[in-house]
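In case you want the letters, here they are:
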Amino acid sequence: VVSPVVAQFTIKENFRTNAVSSSVIMGGSPTAFLTSGVVDPVNDGLLRLTNSNGNQKGFAYINSTFPSTLGALIDFEYKVWRSASDAPYNGADGIGIFLFDANATFKLGGYGGSLGYAPNTNAGTNTGLAGGYLGIGLDEYGNFSNPNEGRVGGPGLLCNSVTLRGPTTNKASTTNPFLATTQLQSSSSSNVNSIDYNTITATRPTDTDFYRRVKITVMPVGGKYKISVVWRKSPLSADTTLMTYTTTSAPPSTLKVGLAASTGGGVN
């Protein structure tokens, strides 16, 4: 029996202005910020998770709790670009979207290829996201699926992929294990099915140049979750399914939703 996705609450933000609701918590090193009136014209901004500098991690999460017996729909548009070459990386690292235990004290995982969710022992972060249940990586460079830097399992470096990792544990050998991945294109420089925009530009790409809207459906099924990730590459195009996956471990009783982005040697 598949339960319907039932909304306990709806949070809608366009991030165009210089203010958001009190339920949106931003942070990082340096912190995520709203670009309206800062680097973009007033009322034409976005939530910026990282600048195109090395070793950054910015995050935002919704400080509202929902019971895991309910489903969720996470629906957002994004832009990822850079203003100068970062060869040989061709942009990095990616965006992590995550579900985490609402009773955990928020603490981000590692930056770089761990996308704020998994550990990054090379950078001194030995634990994953506190209370992490599921991490969904929109992986530009490809290290979220790579079993190195403290990440457990995975097929290796896969640029332009959607990768799932599982719960945070207190053991380095089991925390945030690799679950599944789909590579959208093997080229790190093409724009066709890329997670990021690979034409160097001094300004944010227009929707005509680069548009991505991602919808993540979290559907309760038998005490676990069926996850569906779809996207569209123009405002009026149809959705294309990128991945479906059913979790094997039960979620915590209550959850929160957040996202993070990170850079390393490569930047976006």
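Thresholds, definitions, all that
- Residues numbered from 1 in each chain as written.
- Predicted model: local features only at pLDDT ≥ 70, side-chain atom pairs only at ≥ 80, totals over all residues.
- Heavy atoms only, no water.
- Phe/Tyr/Trp six-rings, centres within 6.5 Å; stacked < 30°, edge-to-face > 60°.
- Helix = DSSP H or I, 4+ residues; strand = E, 2+ residues; numbered from the N terminus.
- Polar contact = N/O pair within 3.5 Å; in protein donor to acceptor, adjacent residues only side chain to side chain.
- Contact = heavy atoms within 4.5 Å.
- Salt bridge = Lys/Arg side-chain N within 4 Å of Asp/Glu carboxyl O.
- Buried < 20%, exposed > 50% of the residue type's maximum accessible area, 1.4 Å probe, protein only.
- Pairing = 2+ DSSP bridges.
- Axes fitted to C-alpha atoms, helices over the stretch in contact; angles between N-to-C directions.

A.B. asks: It is not clear to me how the packing of aromatic side chains should be interpreted in this structure. Could you clarify?
C.D. replies: For the structure shown, the criterion picks out 13 aromatic pairs. Summarising the aromatic geometry, the rings of Phe 59 and Phe 106 are spaced 4.6 Å apart at their centres and angled 45° between planes, so their arrangement reads as tilted. Here Phe 59, found in strand S4 (residues 57-67), pairs with Phe 106, found in the loop between strand S6 (94-101) and strand S7 (132-139); they are 47 residues apart in sequence, far enough to count as distant. Aromatic side chains Phe 98 and Phe 106 sit 6.4 Å apart centroid to centroid with 35° between the ring planes, which places their arrangement in the tilted category.

A.B. asks: Hey, could you run me through the side chain of Thr 247 in this one?
C.D. replies: Mapped onto the elements of the fold, Thr 247 is located in the loop between strand S12 (240-246) and strand S13 (254-262). Polar side-chain contacts of Thr 247 include one of 2.9 Å to the side chain of Tyr 133. Excluding anything up to four places from it in sequence, Thr 247 contacts Tyr 133, Lys 224, Tyr 225 and Ile 227.

A.B. asks: Help me understand the pattern of salt bridges in this model?
C.D. replies: Close approach of charged atoms allows side chains with opposite charge to pair. Inspection of the entire model under this criterion finds 10 salt bridges. Taking the shortest distance from any N to any O, the salt bridge between Asp 40 and Arg 204 comes out at 3.2 Å. Here Arg 204 lies in the loop between strand S9 (178-183) and strand S10 (212-221) and Asp 40 lies in the loop between strand S2 (33-34) and strand S3 (47-48), a separation of 164 residues in the sequence. Neither Asp 40 nor Arg 204 differs from the other in exposure class; each is buried. Taking the shortest distance from any N to any O, the salt bridge between Asp 86 and Arg 82 comes out at 3.5 Å. Both residues of the pair, Asp 86 and Arg 82, belong to the buried class. Here the salt bridges share partners, and the residues they tie into one network are Arg 16, Asp 40, Asp 44 and Arg 204.

A.B. asks: Got a minute to help me understand the sheet that holds S13 in this structure?
C.D. replies: Neighbouring strands of a sheet are bound in pairs by backbone hydrogen bonds; such pairs are parallel or else antiparallel. In spatial order, the strands read S1-S4-S13-S6-S7-S8-S9; together these seven strands make up an open sheet with antiparallel pairing. In this open sheet, the two strands that pair with only one neighbour each are strand S1 (24-29) and S9. Looking at each pair of strands side by side, their axes are set apart by 15° on average, direction ignored. In this sheet, strand S8 (residues 161-165) lies alongside S7 in antiparallel orientation, the contact comprising five bridges. Residue pairing in the sheet places Gly 137 in a bridge with Thr 163 of S8.

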